[in-house]
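Chain by chain, the residues run as shown.
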Amino acid sequence: MKFVLCCCRPKRKTLTVKDICQELVLNHEAIKEVCSCLQEEINRGLGKDSNPEATIKCFPTYVRELPNGKENGRFLALDLGGTNFRVLLIELGAKCTMDSRIYAVPQPIMVGPGDGLFDHIAECLASFIKERDLGTELLPLGFTFSFPCKQEGLTKARLACWTKGFKCPGVEGRDVVELLKQAIARRGDVRIKICAVLNDTTGTLMSCAWKNHNCRIGLIVGTGTNACYMEKLEKVELWDGSTDEPPQVIINTEWGAFGDNGCLDFVRTEYDNTIDRESINPGRQLYEKMISGMYMGEIARQVLVRLVSDGLLFGGYASDILLEKGSFFTKYISEIESDKPDDFNNCRAILEELGFNDATDADCANVRHVCECVSRRAASLAAAGVAVLLNRINEESVTVAVDGSVYRFHPHFHNLMVEQISHLIKPGIKFDLMLSEDGSGRGAALVAAVASRSASMR
Ligand code: GLC
């Protein structure tokens, strides 16, 4: 095993591991300050004149009705938003059944020409339809496209900018439904009817609202982070659609971009700056970069490297693997924090994978402490966002639908968020955070179903 002494920094012997991690700990005042900035930025996003300059774009989704639980029919859904792409067949009735297949999106496609991406999607869709023998039916399709889009209708969404590691030239500013239709037309072997394009947050909200009538917020803490919520039309100055009943619309906040104007600099650290600088989209999605799964592991890795270089961890020696960008996966944080308080089984196994075969108990405890600081900070920041939305909605009892790998797999994320939100909401508001199963599939079908119901009622 080859160890590398990391001596890029003068040793600061007086500082302890706790001292160094303190930067990542947000006190109540700081979190409250984050809440008030976010509240202000959302107002700017919703305002007609302030929107063009606003960082939080607050895109109206054109979804104005929640499901009533009676939706039925067969639907196709496409789900693009992370490293995988899924095609789903959903049957809505008293129950919801689902059949789906996951297709990888190879890295070169994630950053290659836009047509290549849409051809890939169309090809996966065609092969799914063929495999499931669905060629004879003209099935309605919901397209979950989880990137910031300015919607101009339920089936028209212009990509504002790529996030989460995607960067296909030729798509920003274009309507992604049109691009999908063109790719399907280029093949000529698929017949579908695109009924809705939606964000994963909207799908998550709809999927939960199907059975839970208090649901008003959809939250994702996964590869990226974002939230949507049901807003009164009178508060959406930006809205230029119809003002008929119901006087409300789901707003896709795209809060991942919070902080892109510098307003979060007071809580950002040198690690956040490095992550941003080395990312594919510097200066963008700064709140997302402090919270979501695409970045959490890397934040932890940078803190660990810093501790090693200060001589506070692993005897001052870092393994080659630890020094490699991206080597400390976000899932390690969930695994390490899943160890019982008095053992380090997962922690030790992970450290071995990283090339540390003789980590001491003190090393393990310190690694765990770093993970806890990173995940606690993420949970507090996400909680601040949810509290702002709950206070805006200001209803007595609201369910927040949540999905995403960080929320799902981290052993304490839910509890950390609940605790923090309780400290930040107005007295009298009750809330619960509910894991929402399959927003991108069932949620897409529900948006398509509700859309056809609303259309037939007009
Ligand atoms: C990113 C996307 C956003 C999505 C979120 C969660 O922030 O911009 O649209 O909802 O990730 O997947």
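Residues numbered from 1 in each chain as written. Predicted model: local features only at pLDDT ≥ 70, side-chain atom pairs only at ≥ 80, totals over all residues.

A. Examining the UniProt feature "domain: Hexokinase N-terminal" (unreviewed entry) in the protein more closely. Under the present numbering, the feature "domain: Hexokinase N-terminal" (unreviewed entry) in UniProt falls on residues 17-210. Counted over residues 17-210, helix gives 36% and strand 25%. Its end C-alpha atoms are 47 Å apart. (UniProt positions renumbered as here; feature names shortened; annotations may be inferred. Helix = DSSP H or I, 4+ residues; strand = E, 2+ residues; numbered from the N terminus.)

B. How the structure looks around the sheet that holds strand 3 (residues 73-80). The sheet built from 5 strands is open, its strands ordered 5-4-3-6-9 with mixed pairing. Because the sheet does not close on itself, it has two edges, and the strands there are strand 5 (96-104) and strand 9 (193-198). Geometrically, the sheet is characterised by an average inter-axis angle of 20 degrees between neighbouring strands, direction not taken into account. Pairing analysis gives 5 bridges linking strand 3 to strand 6 (residues 140-145), with the strands arranged parallel. Bridging across to strand 6, Asp79 finds its partner in Thr144. In this fold helix 5 (residues 176-187) packs onto strand 6 and strand 9, with an angle of close to 145 degrees to the strand it touches most, strand 9. (Pairing = 2+ DSSP bridges. Axes fitted to C-alpha atoms, helices over the stretch in contact; angles between N-to-C directions. Contact = placed C-beta atoms within 7 Å.)

C. Structural view of the UniProt feature "domain: Hexokinase C-terminal" (unreviewed entry) in the protein. The feature "domain: Hexokinase C-terminal" (unreviewed entry), as given by UniProt, occupies residues 216-450 in the numbering adopted here. With 47% helix and 15% strand, residues 216-450 has end C-alpha atoms that lie 16 Å from one another.

D. Spatial organisation of the site of the ligand. Near the ligand lie 18 residues; those nearest to it are Thr163, Ile220, Gly224, Asn226 and Gly256. Sorting the residues of the shell around the ligand by element identifies helix 6 (200-209) and strand 11 (225-232) as the ones contributing at least two each. In the shell around the ligand, the residues fall into 3 nonpolar, 11 polar and 4 charged. (Near = placed C-beta within 6 Å. Nonpolar A, V, L, I, M, F, W, Y, C, P; charged D, E, K, R; others polar.)

E. Examining the packing of helix 11 (residues 345-353) against helix 12 (residues 361-393) more closely. Two numbers describe how helix 11 lies on helix 12: the axes approach to 10 Å, and their chain directions differ by 95 degrees. What the angle tells us is that helix 11 and helix 12 run roughly perpendicular. Contacts between helix 11 and helix 12 pair Cys347, Arg348 and Leu351 from the former with Cys364, Val367 and Arg368 from the latter. Tallied by class, residues from the contact of helix 11 with helix 12 come to 4 nonpolar, no polar and 2 charged. (Parallel < 35°, antiparallel > 145°, perpendicular 65-115°, else oblique.)

F. The arrangement of helix 7 (residues 270-277) in detail. Within the span of helix 7, buried status applies to Tyr271, Asp272, Ile275 and Asp276. Each buried residue of helix 7 sits inside an arc of 135 degrees when the element is viewed along its axis, so together they form one side. Those residues of helix 7 that are exposed and aimed more than 90 degrees away from the buried face are Glu270 and Arg277. In the core, the buried residues of helix 7 are packed alongside helix 8 (286-291) and helix 9 (293-309). (Buried ≥ 20, exposed ≤ 12 C-beta atoms within 10 Å, placed from the backbone. Arc of directions from axis to C-beta.)

G. Inspection of the sheet that holds strand 12 (residues 248-252) at higher detail. A sheet is described by the order of its strands in space; here 6 strands give the open sequence 2-12-11-10-14-15, paired in mixed fashion. Where the open sheet ends on each side, the last strands, each with one partner, are strand 2 (59-60) and strand 15 (430-435). For strand 14 (residues 397-403) and strand 15, the ladder comprises 6 bridges, and the chain directions are parallel. Its bridge partner being in strand 15, Val402 is matched across the sheet by Leu435. Against the sheet, helix 6 touches strand 10 (215-221), strand 11, strand 12, strand 14 and strand 15, its axis set at about 135 degrees to strand 10.

H. Local environment of helix 14 (residues 413-424). Between its terminal C-alpha atoms helix 14 stretches 17 Å, which fits the 16 Å expected from 12 residues at 1.5 Å a residue. Taken residue by residue, helix 14 has Phe413, Leu416, Met417, Gln420, Ile421 and Leu424 as its buried positions. Down the axis, helix 14 shows its buried residues gathered within 125 degrees of arc, on one side only. Along its buried surface, helix 14 packs onto helix 2 (28-46), helix 12, helix 13 (405-409) and strand 15. (Expected span 1.5 Å × (residues − 1).)

I. Inspection of the pairing of strand 14 at higher detail. In terms of burial, strand 14 is largely enclosed, as 6 of its 7 residues are buried. Pairing of strand 10 with strand 14 involves 5 bridges; the strand directions are parallel. Looking at the pairing, Cys215 lines up with Thr399 of strand 14.

J. Just the environment of Glu352, in detail. Within the fold, Glu352 resides in helix 11. Judged by C-beta crowding, with 12 C-beta atoms within 10 Å, Glu352 ranks as exposed. Taking the C-alpha atoms as reference, Glu352 lies 34 Å from Ala383; in sequence the two are 31 residues apart.

K. Spatial organisation of unusual backbone geometry. With an omega of -10 degrees, the peptide bond between Glu245 and Pro246 qualifies as cis. Checked against the element boundaries, Pro246 lands in the loop between strand 11 and strand 12. Unusually for a residue other than glycine, Tyr62 sits at a positive phi of about 70 degrees. Topologically, Tyr62 is positioned in the loop between strand 2 and strand 3. Since 24 C-beta atoms lie within 10 Å of it, Tyr62 is described here as buried. Backbone geometry at Lys164 places phi at a positive 55 degrees, although glycine is not the residue there. With respect to the helices and strands, Lys164 occurs in the loop between strand 8 (156-159) and helix 5.

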